[in-house]
Structure formats: C-alpha cells, structure tokens
Protein chains: 2
Amino acid sequence: MQIKGDLMTFRPDIKVLDCTLRDGGLVNSFRFSDDFVRDLYLANIKAGVDYMEFGYKASKELFNVEDYGPWKFCDDEDIRRIVGDNNTDLKISVMADVGRCDYKNDIHPRSESPVDMIRVACYIHQIPAAIEMIEDAHAKGYETTCNIMAVSTVSESQITQALELLCNSNVDGIYIVDSYGSFYPLVTRSLTEMYLGIAEKAGKWIGIHAHNNQQLAFANTMEALTLGASVADVTMCGMGRGAGNCNMELMLSFLRNPKYNIYPVIVFIQKHMNALRKECKWGYDLSYLLTGTLNQHPRDAIEFVTNDREDYVEFYKSLLEKM
Amino acid sequence: MQIKGDLMTFRPDIKVLDCTLRDGGLVNSFRFSDDFVRDLYLANIKAGVDYMEFGYKASKELFNVEDYGPWKFCDDEDIRRIVGDNNTDLKISVMADVGRCDYKNDIHPRSESPVDMIRVACYIHQIPAAIEMIEDAHAKGYETTCNIMAVSTVSESQITQALELLCNSNVDGIYIVDSYGSFYPLVTRSLTEMYLGIAEKAGKWIGIHAHNNQQLAFANTMEALTLGASVADVTMCGMGRGAGNCNMELMLSFLRNPKYNIYPVIVFIQKHMNALRKECKWGYDLSYLLTGTLNQHPRDAIEFVTNDREDYVEFYKSLLEKM
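Residues numbered from 1 in each chain as written. Chains lettered and ligands numbered in written order. Predicted model: local features only at pLDDT ≥ 70, side-chain atom pairs only at ≥ 80, totals over all residues. Heavy atoms only, no water.

Here we look at the overall build of chain A
- The number of helices and strands found in chain A is 14 helices and eight strands.
- Relative to the globule expectation of 20 Å for 323 residues, the C-alpha radius of gyration of chain A, 19 Å, shows essentially globular dimensions.
- Across its three principal directions, the C-alpha atoms of chain A cover 55 × 45 × 45 Å.
- When the 323 residues of chain A are sorted by exposure, 63% land in the buried category.
- The contacts in chain A between residues at least 6 apart in sequence include a share of 75% that link residues at least 24 apart.
- For chain A, the exposed area adds up to about 12200 Å²; of that, 49% sits on carbon and sulfur atoms.
- Treating the 32 positive side-chain charges of chain A as one cloud and the 45 negative ones as another, the clouds have centres 2 Å apart. (Helix = DSSP H or I, 4+ residues; strand = E, 2+ residues; numbered from the N terminus. Rg over C-alpha atoms; globule rule 2.2 N^0.38 Å. Buried < 20%, exposed > 50% of the residue type's maximum accessible area, 1.4 Å probe, protein only. Contact = heavy atoms within 4.5 Å. Areas by Shrake-Rupley, 256 points an atom, 1.4 Å probe, with all protein chains shown as cover. Lys, Arg positive; Asp, Glu negative; His and termini not counted. Charge placed at Lys NZ, Arg CZ, Asp CG, Glu CD.)

See below:
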C-alpha cells in the first residue's frame, strides 16, 4: 500500500485526540482533580490538540456514582464547569459503551451540550446496537465514531461485514482498536488497508487507538497514519489501562504540522504527571507483553501488576493454561 | 521495498544477538556478578539465542581496571571462567571501539580464544581505522562486523562511501546503529534499503542495533528485519545505555523460528532482572525522547535521569539552547 505523506511535510487531515481522562480514568477510577482537568484542557488547547475526550457517558443505573470520579459519567454540567462554552478550536468528545450507556436520556441535543463528538465503543456482535446509538447521536447533531474493540479475536470476514454496515450508517469515523495490545505494525498495516479500503469510498475517516503491551503503541499509530488513517488517540505519558496508550509527547514530537506544539505538554507533564505516576500504575511490563503476545485480555496482567507481583514464571504458566 | 517473510513462517537467516552485558554494562560499569553472567549464558543457550556479547575489549592503558567490572575488558580467561570451551551453538562476541582498543596485543588468535566474533564500533570518520581492525581480526580467524555509530548526524553520501569501503573489506556484517534513538520506522526503512542495496551484492549481512528513546527500539528492529536485515541486537528487559535497547523478550515473542524459546528468558528476568531494575536506571523517559527527537547524544538525559531530576521544562530549554 502506498505511503501517504512523508517525514518533511504534513497531512492536514491528521488529527490528535487526547483520551487521558477516559483511558487514563480506567487506572484511577476517573478520580482526577478539577485542577488537573482544567490544566489538561488548557494544555491541549495550547498544544494544538484537536479533540479532548472527557471520559465515559456511563449509566448511573448500572454504575454507582460514589465508586467513581465524575468523568465516568461526563454530565454536561461537569464538563461546563471546566470549559464554560468552550469557545476554542479544541473539540470535546465522550465515549459511550454499547449496553452501558443510557444514551436516550443521558445524551442531550448537541445544541444544549458542550460535547462535539460521541464515540461509540462496542464488540463486533454489538454492531447493530452501536449503529442505533450512532444514529441517535447523529440525529442529535453530534459527530460520531464507532470503536470496534477486540478485533484481534474475530475473523476478517466479520470485520468486513461490520465495516460495510457502518459505511451504510451516518457514522463519521471508524476506529482500528488494538484492545489487547497484540498488533505488530504489519498487522496494523493490513487492518488499515482493510478499514480504509471499505471506509474511504463511503467518506468515513479512520482512527487508531493503540495499547502499549509490546511497546508498539506509538509505532502502530504511526503505521496507521502513514497509510492514511487520520485520527490518533494519545494520552499524556501514555496513561491508560494496563500497558497504556500511545504517548501524546511522542506523537507531537513526530507530527510536522506547525499547529502542534510539544512545549505545553512538557509543562503539563512536569506539573501533573510526575506526581500521578507515583500514585497509579500503567505502562509496559513483561506481564502485559505476555497477555498481548498471547492475544488475551489484559485483566490478568493488570491484577498481577496491581498486586506488585514479580513471579513472571508462574504468571506465564497460568496464561498458557488458559489457551 | 519488498517485505521478506511474513508473520506465519520464519526466515532462517534471522539471528539474535544478546548484548545485555555490553550495552547494559554501560549502565552499571560492567559490574555483573559471575552468577548473573553464568545464568545469562545458560538462558541464552536454552532460548536459542545465536550470539552473546560479553562486553568491550577496552585498552587497559586507557581505562583503569579498578573503575570497571571485568566485562569492560573481556579477557579471554574471564570469558573462559564462565563458558569453559563453550561447546554449544551459542557464539560469543565482544565489541572493540576504534581508538579505545589495543587490538594488536589484546585480541589473540581465535584458535586460542573463546570468542567467535569481533564487532568493531566506530564513527564515520574512523572507517579506515575500523577496516584495519577488521582485517586484523579477520586474519586472526574471527567473524567480524562494523557498527557505524551516530549515522543520524551524517550525510547519506558519507554513509554510502563508508558502506562501499566496508564492502571491499573482509567484514562479514554491517550494522545500522541508532545511537541517539532518533529513528522512526520510516527512517529505518530507508537506511535498511541503503545498507542492503550496497551490502547484499557484496555478500555482507546487515544487523540492527536500536535504542528506545522514542519507544521504537522493537519497532525499528522489526522494520529492519522485515526488509531483509538478518541480525537483531537485543538485551534482557531492554537494559542498555539511557533509554535502553530492544527487549530480548519482545523479540523472542515475535520471531516464529521454533529454535527460539521465551521461557528461559522469563525465568532469567524473574531471577536477575527484577532485582537489577531496582539498582540501576534505564528505559524510556521523556528526557530521552527529547534528546532523541532533537537528534542529540543522550548524555544530558542520562545525567538528568541519574540525578532524579523531574524538571523537564528546564531540561527541554537547555537542549534547545544547544541546537
């Protein structure tokens, strides 16, 4: 497949989405201080970031409000407390999981909300339900995406069918999601070709959400962008579930569009992330490599790391027993 | 450029070189216990690793023996203490730096030494001196390589000239070395094409030695292998100077050749590397990204990390002043 762009010029279609609060929220139960969230918002604006995801739109019937910080639920008034009317170039997104979001009641018309984009996350068998949510959000005036999770465990024909269904919907963007951190760049390459091949002619853009189980989140994100994907999910210091995500600072040091500026990111990291890294755990560990390379959900590795275990041999044996 | 191989089969020409003692030795002044070195040697044999580098062949006139562990000097008798006659499939290499090695006296004929391969490291202006060392080692019966360092700071025409000189020598392999950790996979791609384009017809193999400043050591190593490079430098847990190297465990989980086995590596990491990681510092840090992306030597970042500094803003400003 032909490379789009090169290392000297830039492609104006490429956009950066900061999901520190959302994927990072999975590490600390969304308990970020307002000071943190406000500084992150300001840093993203200064850095030229295109989208900032504030968190999940989770159902308060399914989840106890006391068990989480506010960004598990992303009430419009919580977002407004930080951004006011958000008269900036930074767009705001929230994620809504199929089956975990009371979208008919909790997602209000865009004209009444500070949110610009609804990202619908689903497993492949939930595509019809995802499309229903996407059409609801689209009708309410939002940009929409579909983030199909765990595609490393399903067949290519299923992915193709899902992409065709989505291309007949009003969705704006479709994400390649490496939920288990099991992709090699060569895998990302074939998936990008597959996703773009179907989506491009329908006028949908492709995004990439990577995990760092094999220290490949940045490499996979670059690989997808290089082949024509347009939107990169990143987080400050890679903060995200398990092995974490593609680092904002790596992405901004790579992109050549002069609108991007790494300096406010460095300032933010020094002020907030240094401390946070001592409180919460994320990032590459041998245990995440092992679940990634075995194409397994990271939950066992998260438990391993959370419990400060270092007996990798026993851990590896336990994974092999689950194969 | 055409991809060689795929993700299901394997290329028998691909080989793995463990340089934990050598590049990792730059972190702890080569002070590894004999117990560590012996277990590493046994783990490499069990894991199917092809070469194990024991360290540098440094001149004892230039460096004080008391300032370093034995693997700075790699006396034949020190290696023999670990490997005996090394009646195994694992070959042994040492690195000799141009201008820092008294090779005429310190490198004995291969028939008298446990060493199989001499890797000559040099900067581009030292190519004539490197070739003299290579011819000396070749005449003594060794396999040889040339590792041209810091190529991110020199022009393509200089690299081409160096490669042509080397191709007229008796060297066996030539390394693409990302000394500053500044390569993107696209850069590795062009360099691999350039190196292979000249070396392949002369019958020389190409190796890749990556650094992890941008979390790309594994990705760059895979990229080079995918395009036809044959030898990958790796270290246990990526232990190496500054941001470290490509992790052995990542590489062995990627390669499909059934001769490779990750299990002894996991056992070794649990027994030795868990503890070592608490004593010494290496691996990705924002400071290494900053020197890498600015194509600067990592020495300032090493000092920053060693001094437990976290004022990335000041550090970044100081780097910009050096541009």
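Side note on the layout of surface pockets
All names here are of chain A.
- Empty space within the second largest pocket amounts to approximately 900 Å³.
- Lining the second largest pocket are 41 residues, with Asp23, Leu26, Tyr56, Arg100 and Arg241 positioned closest to its centre.
- Secondary-structure elements contributing two or more residues to the lining of the second largest pocket are helix H1 (20–23), helix H2 (25–28), strand S3 (91–97), strand S4 (117–122) and helix H13 (299–306).
- Looking at which element gives the most residues to the lining of the second largest pocket, the answer is H2, with four residues.
- When the residues that make up the lining of the second largest pocket are grouped by side-chain class, the tally is 19 nonpolar, 11 polar and 11 charged. (1 Å grid on protein atoms, 1.4 Å probe; cavity = no way out; pocket = protein on both sides within 12 Å on 5 of 7 lines; lining within 4 Å. Points joined across faces, edges and corners; volume = space filled by probe spheres on them. Nonpolar A, V, L, I, M, F, W, Y, C, P; charged D, E, K, R; others polar.)

Re the interface of chain A and chain B
- The interface of chain A with chain B comprises 43 residues on the first partner and 43 residues on the second.
- A per-residue breakdown of the area chain A buries against chain B is headed by Tyr184, Gln215 and Ile266 of chain A, which together make up 15% of the total.
- For the salt bridge of Lys278 of chain A with Glu310 of chain B, the shortest nitrogen-to-oxygen distance reads 2.7 Å.
- At the level of secondary structure, the elements contributing two or more residues to the side of chain A that touches chain B comprise helix H8 (185–199), helix H9 (217–227), helix H10 (248–254), helix H11 (263–279), helix H12 (286–293) and helix H14 (312–321) of chain A.
- Its residues assigned to classes, the side of chain A that touches chain B shows 24 nonpolar, nine polar and 10 charged. (Buried area = accessible area lost by both parts, 1.4 Å probe. Salt bridge = Lys/Arg side-chain N within 4 Å of Asp/Glu carboxyl O.)

Section: the pattern of salt bridges
- In total, this model carries 46 salt bridges over all chains according to the counting rule given.
- Put simply, Arg119 of chain A and Glu53 of chain A hold a salt bridge, and the shortest N to O gap is 2.6 Å. Of this pair, Arg119 of chain A sits in strand S4 while Glu53 of chain A is found in strand S2 (residues 51–56), placing the two residues 66 residues apart along the sequence. Exposure class is identical for Arg119 of chain A and Glu53 of chain A. Each is buried.
- Arg22 of chain B serves as the salt-bridge partner of Asp23 of chain B, at 3.8 Å between the closest nitrogen and oxygen. Summarising the burial analysis for this pair, Asp23 of chain B and Arg22 of chain B share the class buried.

What to know about the packing of helix H7 (residues 156–167) of chain B against helix H8 (residues 185–199) of chain B
Residues and elements named next belong to chain B.
- Across the interface, H7 lies against H8 with an axial gap of 9 Å and an inter-helix angle of 30°. Read as a crossing pair, H7 and H8 show a hand that is right-handed. When H7 is examined against H8, the residues Glu156, Ile159, Thr160, Leu163, Glu164 and Cys167 are found in contact with a partner set consisting of Leu191, Met194, Tyr195, Ile198 and Ala199.
- Here the contact of H7 with H8 is built from residues that sort into eight nonpolar, one polar and two charged. (Axes fitted to C-alpha atoms, helices over the stretch in contact; angles between N-to-C directions. Left-handed = near helix turned anticlockwise from the far one by under 90°.)

Notes on the sheet that holds strand S5 (residues 143–148) of chain A
All names here are of chain A.
- The strand order around the closed barrel built from eight strands is S1-S2-S3-S4-S5-S6-S7-S8, with neighbouring strands paired in parallel fashion. Direction aside, neighbouring strands of the sheet carry axes that sit 25° apart on average.
- Relative to strand S8 (residues 231–234), strand S7 (residues 205–209) is paired through two bridges, and the arrangement is parallel. Across the sheet, the residue bridging to Gly207 is Val231, located in S8.
- Against the sheet, helix H7 (residues 156–167) makes contact with S5 and strand S6 (173–177), and its axis sits at roughly 170° relative to S5, the strand it touches most. (Pairing = 2+ DSSP bridges.)

A short note on the sheet that holds strand S2 (residues 51–56) of chain B
Residue and element names in this part refer to chain B.
- One closed barrel accounts for eight strands, arranged S1-S2-S3-S4-S5-S6-S7-S8; its pairing is parallel. Recorded for the sheet is a direction-independent mean angle of 25° between the axes of neighbouring strands.
- Summarising the sheet, strand S1 (residues 15–18) and S2 pair through two bridges and their orientation is parallel. Looking across to S2, one finds that Asp18 is bridged to Met52.
- Across the sheet, helix H3 (residues 34–47) is in contact with S1 and S2; its angle to S2 comes to roughly 155°.

Description of the side chain of Ser59 of chain B
Residue and element names in this part refer to chain B.
- Positionally, Ser59 belongs in the loop between S2 and helix H4 (76–83).
- Of the polar contacts made by the side chain of Ser59, one reaches the backbone nitrogen of Glu61; its length is 3.0 Å.
- There is a polar contact of 3.2 Å between the side chain of Ser59 and the backbone nitrogen of Leu62.
- For Ser59, the contacting residues outside a window of four places in its chain are Phe73, Arg100, Cys101, Asp102 and Asp106. (Polar contact = N/O pair within 3.5 Å; in protein donor to acceptor, adjacent residues only side chain to side chain.)

A look at H11 of chain A
Residues and elements named next belong to chain A.
- Taking 1.5 Å of rise per residue, the 17 residues of H11 would be expected to cover 24 Å, and the 24 Å separating its terminal C-alpha atoms lies within 8% of that figure.
- Maximal helix bending in H11 amounts to about 45°, located at Ile269.
- Turning to H11, its buried residues are Pro264, Val265, Ile266, Phe268, Ile269, His272, Met273, Asn274 and Leu276. (Expected span 1.5 Å × (residues − 1). Bend = angle between axes of the 7 residues up to and from the residue.)

Here we look at the relation of the copies chain A and chain B
- If you rotate chain A by 180° and push it 0.0 Å along the axis, it lands on chain B with an RMSD of 0.0 Å. What the rotation and shift describe, once combined, is the action of a two-fold rotation axis.
- A symmetric contact is evident, with 100% of the interface residues of chain A recurring at the interface of chain B. (Least-squares fit on C-alpha atoms with pLDDT ≥ 70 in both.)

Looking at the confidence of the model for chain A
- Of all residues in chain A, 100% have pLDDT values of 70 or greater, and the mean over the chain is 97.
- Among the prediction metrics, the complex's ipTM stands at 0.96, with pTM recorded as 0.97. (pLDDT = per-residue confidence, 0-100.)

Some thoughts on the packing of aromatic side chains
Residue and element names in this part refer to chain B.
- Inspection of every chain in the model, using the stated rule, returns 28 aromatic pairs over all chains.
- Taking the centre distance of 4.7 Å and the plane angle of 45° together, the rings of Phe304 and Phe315 count as tilted. On the criterion of sequence distance, the pair formed by Phe304 in helix H13 (residues 299–306) and Phe315 in helix H14 (residues 312–321) is long-range, its members being 11 residues apart.
- Residue Phe304 is classed as buried on the basis of its relative accessible area of 1%.
- Under the relative-accessibility criterion, Phe315 is labelled buried at 2%.
- Across from the ring centre of Tyr56, 5.9 Å away, lies the NZ or CZ of Lys72, which sits over that ring.
- When the ring centre of Phe63 is taken as origin, the NZ or CZ atom of Lys72, which lies over that ring, is 3.9 Å away. (Phe/Tyr/Trp six-rings, centres within 6.5 Å; stacked < 30°, edge-to-face > 60°. Lys NZ or Arg CZ within 6 Å of the ring centre and 35° of its normal.)

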